[in-house]
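A closer look at the structure
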Amino acid sequence: TLPIVNLGANDTICDDLTKTLDAGAGYSYVWYLDGNATGTTTQTIAADSGTYVVSVTTPLGCETRDTIELDNFQLPVVSFVSNFEFCELDSVQLDAGNATSTYSWSPTGETTQTIWAKLPGTFTATVTDTNGCVNSGDATVIENTLPPVNLGANDSACVGLSIILDATVPNGVTYDWSDGYNQGIYTITNPDTLSVIVTDANGCIGYDTIEIKMLQQLSLMFDDTTTQCENDILDLDAGNYANGSFAWTLPDGSVDNSQVITLNSAGWYVLNITDQYNCMGEDSIFVVMIPVPNIDLGPDTSFCSLGQDTYTIEMSFTANVAGTISWSEGNNNSNDTLFTATYAPSTVIGTFLDVTGCSHIDTVELAEFCEPTKIIMPNLFNPGGINNPTFHPIGVDDNTYIDIVNNIVKSQFEVFNRWGVKMVQSSDLLPRWDGMYENRPASSGTYYWIYTYTDSSLREYKLNGFVQLIQNR
């Protein structure tokens, strides 16, 4: 019995597929493709396109052959250019071709022939044609960043300030400014609003705008005049202007470029300022210097306070300026420019505070000095007479008594008769004996006296002598 062999009807398959041909049960097999032995001796073979013949032989040598024609459908062609590029914030269209086919895109899952790629990466298109043949292709998508155009933050300026705007970017090709300028570097000298469009080598476009606002010129606020004490240190601050330049013209004509200057002389101080925005300002101030000190209490001196003397100090002025007067001690004069000192040694301080706040101080040192007090005693007296009725210092009368007494600090007076009897003892400041002893007139004769005293110069004097007492009774 011949083996039964049936490879089936002729067929057409997709080009990328094979069809398994089965020769059925038998003893040995020989396969032929287009008339040539394939070398395959198995029951089945994976067939592609062409004419396949199989020879099946039984163990008894009976042989049966069968033939089948296999044809190919061409696969859909899915071909992309090497790379697709788009600019940031844009997209690029991908087209899988092969109209009337069905489509599947990875990773988006879209099923249309064309899609818009909005992100970079690899996109795979799988195409199934009307024959059911499937093919796929990969498209590489690159996203190019936009040119990083940065003109900086909005700014402000006064007319004439040069501001450099830099729009240059790597791989920049064209620069289109809103006023027609076409270079990357732009120097602006007047307030304005400018825009620039930059196109790079990838065709990507960057854009930026800057506004330079108009500023007003600087307005400074110095007083017209200021007054200060000659010995005070007063600083004048032009103000905090960022990156500003300062030009002071001083009273002597010199120029100082500091923000803060010290006022050390009278006259006009003129300031010119230019700030970082080219804004300018000018102001001036006149400085009046008050001499210090403006008072004079006179030279140091001395007086005899122990003798009840006083010394009056007068405050005189160099310049006529209003103010208040004060002394180191309470003043007992109705005229506050005068101070009467009642004791020495002492330091008298006079202060004058003028209306501008300047303090004027002067000092007088007062030393104690008293002239020595000389006492001269007479050598006789007549208690009952008209002239010289008492024994007392010569020259003492109503006009000189107080002065002499004031100059005596302490005293001791004694009178003795010729037998050594003490007739008088007194601690009165001035010695005085009326010629009486125990309420009776002493007899005429010679008496010995001793007088010890200390005067306002604090010097001690010891006097002694004899006096003749003449009684008329």
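For the structure itself, consult the block above.
Treat the numbers as computed from the prediction; the structure is a model and nothing was measured.

What counts, and at which threshold
- Here, residues in each chain are numbered from 1, in the same order as that chain's written sequence.
- This being a predicted model, a pLDDT of at least 70 is required before a residue's local features are given, and a value of 80 or more before pairs of side-chain atoms are given or counted; all residues contribute to the totals for chains, interfaces and linings.
- In computing side-chain properties, one takes all heavy atoms of the structure into account and sets aside hydrogens as well as water.
- What counts as a ring pair is set by centres within 6.5 Å for rings of Phe, Tyr and Trp (its six-membered ring), and what kind of pair is set by the plane angle: stacked under 30 degrees, edge-to-face over 60, tilted for all other angles.
- Helical segments are the DSSP runs of H or I of at least four residues, strand segments are the runs of E of at least two, and each set is numbered from the N terminus.
- Exposure classes here rest on a 1.4 Å probe applied to the protein chains alone. A residue is buried below 20% of its type maximum, exposed above 50%, and partly exposed in between.
- Only heavy atoms matter for contacts: two residues are in contact if any of them lie within 4.5 Å across the pair.
- Here, a disulfide means two cysteine sulfur atoms that sit within 2.5 Å of each other.
- Should a side-chain nitrogen of Lys or Arg be within 4 Å of a carboxyl oxygen of Asp or Glu, the pair is scored as a salt bridge.
- Two strands form a pair only when DSSP identifies at least two bridges running between them.
- Here an axis means a line fitted to C-alpha atoms, over the contact stretch when the element is a helix, while the angle between two N-to-C directions is reported on a 0 to 180 degree scale.

So, about the packing of aromatic side chains. Summed over the entire model, instances satisfying the criterion amount to 19 aromatic pairs. One aromatic cluster in this structure is built from Phe-381, Phe-391, Phe-413, Trp-433, Tyr-447, Trp-449, Tyr-451, Tyr-453 and Tyr-461.

With respect to the element layout, Thr-114 can be found in strand β11 (residues 114-117). By relative accessible area, Thr-114 is classed as partly exposed at 29%. The sequence separation of Thr-114 and Gly-97 amounts to 17 residues, and the corresponding C-alpha distance is 8.0 Å. Among all residues touching Thr-114, those that are not within four sequence positions of it are Gln-93, Leu-94 and Asp-95.

All chains considered together, the criterion is met by three disulfides. In this model Cys-14 forms its disulfide with Cys-133; the gap between the sulfur atoms is 1.9 Å. Negative torsions about the S-S bond denote left-handed disulfides, and the value of about -100 degrees found for Cys-14 with Cys-133 makes this one left-handed. Here Cys-14 is found in strand β1 (residues 11-14), whereas its partner Cys-133 is found in the loop between β12 (121-128) and β13 (134-144), with 119 residues between them in sequence. With respect to class, Cys-14 is no different from Cys-133; both count as buried. With a sulfur-sulfur separation of 2.0 Å, Cys-87 is cross-linked through a disulfide to Cys-204. Given an S-S torsion of about -95 degrees, the disulfide between Cys-87 and Cys-204 has left-handed geometry. Of the two residues, Cys-87 is situated in strand β8 (residues 83-87) and Cys-204 in the loop between β18 (192-200) and β19 (205-214); the sequence distance between them amounts to 117 residues.

With that out of the way, let us pick up the environment of Ile-163. Within the secondary structure, Ile-163 sits in strand β15 (residues 163-166). The class for Ile-163 is buried, based on a relative accessible area of 13%. For the pair Ile-163 and Val-348, spaced 185 residues apart in the sequence, the C-alpha separation amounts to 68 Å. Apart from residues lying up to four places away in sequence, Ile-163 is in contact with Asp-155, Ala-157, Tyr-186, Thr-187, Ile-188 and Ile-212.

A side chain of one charge can pair with a side chain of the opposite charge if their charged atoms are brought near each other. Applying the stated criterion to the full structure yields three salt bridges. In this structure, Lys-19 engages Asp-11 in a salt bridge whose closest nitrogen and oxygen atoms are separated by 2.8 Å. On the accessibility criterion, Asp-11 (30% relative accessible area) is partly exposed. With a shortest N-O distance of 2.9 Å, Glu-414 and Lys-422 are connected by a salt bridge. On the accessibility criterion, Glu-414 (17% relative accessible area) is buried.

This part is about the sheet that holds strand β28 (residues 301-303). Spatially, four strands are ordered β28-β34-β33-β31 in an open sheet, and the strand pairing comes out mixed. Looking at strand neighbours, the two that pair on one side only are β28 and β31 (323-327), the edges of this open sheet. Going from strand to strand, the sheet's axes swing by 25 degrees on average, the running direction of each strand aside. As defined by bridge partners, strand β33 (residues 346-354) adjoins strand β34 (residues 359-368) across eight bridges and the pair is classed as antiparallel.

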